[in-house]
Amino acid sequence: MRRHEVPRARYLLGRLLRARGLVDEALAELQVALASDATLVDARFERGLLLAAKPHASEQDLITGLQETVSASRLSLFLQCRLKFWFRYVLRLQKPKTP
């Protein structure tokens, strides 16, 4: 694979590693995929999910992860209520279950 870089293959390998719980290895593969092809939206999304879910992610890593995973619903929530966005996506607080 090193001889002929295929960014999509690196992205798929990153997804596989993430599914296996190998977060650091998955991040490394996604970084290589994005370095080869920065237009891989799926790889950006996966990397954002991994960075946002890291247990000891720094605030900067968390912000980077959120910036990489912008969606219409997240943007809409941010524009409607920034505090609600902060609670849901940055602090990742869950809604209480209704009885």
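Higher on the page you've got the structure.
Residues numbered from 1 in each chain as written. Predicted model: local features only at pLDDT ≥ 70, side-chain atom pairs only at ≥ 80, totals over all residues. Heavy atoms only, no water.

1. Structural notes on the overall build of the protein chain
The secondary structure content of the protein chain amounts to six helices and zero strands. When its helices and strands are written in sequence order, the protein chain yields α-α-α-α-α-α. The burial tally for the protein chain puts 28% of its 99 residues in the buried class. (Helix = DSSP H or I, 4+ residues; strand = E, 2+ residues; numbered from the N terminus. Buried < 20%, exposed > 50% of the residue type's maximum accessible area, 1.4 Å probe, protein only.)

2. Observations concerning the side chain of R10
Summarising the element assignment, R10 is placed in helix α1 (residues 7-19). Within the local environment of R10, its side chain forms a polar contact with the side chain of E29, the two groups lying 2.6 Å apart. (Polar contact = N/O pair within 3.5 Å; in protein donor to acceptor, adjacent residues only side chain to side chain.)

3. Things to note about the pattern of salt bridges
Tallied over the entire structure, the rule returns four salt bridges. With a shortest N-O distance of 3.6 Å, R15 and E46 are connected by a salt bridge. Remark: E46 occurs in helix α3 (residues 41-53) and R15 occurs in helix α1; sequence separation between them is 31 residues. One salt-bridge network, in which partners are shared between bridges, spans R15, R18 and E46. (Salt bridge = Lys/Arg side-chain N within 4 Å of Asp/Glu carboxyl O.)

4. Focus: the side chain of E46
Judged by relative accessible area, E46 falls into the buried class, the value being 7%. Within the structure, E46 has its side chain in polar contact with the side chain of R18 (distance 2.7 Å).

5. Some details on the nonpolar core
Among the nonpolar cores identified, the biggest contains eleven residues, and these are Y11, L17, A26, L27, L30, A33, L34, L40, A43, L50 and L51. Mapped by element, the contributors of at least two residues to this core are α1, α2 (23-36) and α3. Residue contributions to this core peak at five residues, all from α2. (Core = buried A, V, L, I, M, F, W, Y, C linked by side-chain atoms within 4.5 Å.)

6. Some points on the packing of helix α5 (residues 72-80) against helix α6 (residues 82-90)
One way to put it is that α5 packs onto α6 with a least axis distance of 5 Å and a crossing angle of 135°. The orientation of α5 with respect to α6, classified from their angle, is oblique. On α6, the residues touching R74, L77, F78 and Q80 of α5 are R82, K84, F85, R88 and Y89. Along the lines of polarity and charge, the residues of the contact of α5 with α6 split into four nonpolar, one polar and four charged. (Axes fitted to C-alpha atoms, helices over the stretch in contact; angles between N-to-C directions. Parallel < 35°, antiparallel > 145°, perpendicular 65-115°, else oblique. Contact = heavy atoms within 4.5 Å. Nonpolar A, V, L, I, M, F, W, Y, C, P; charged D, E, K, R; others polar.)

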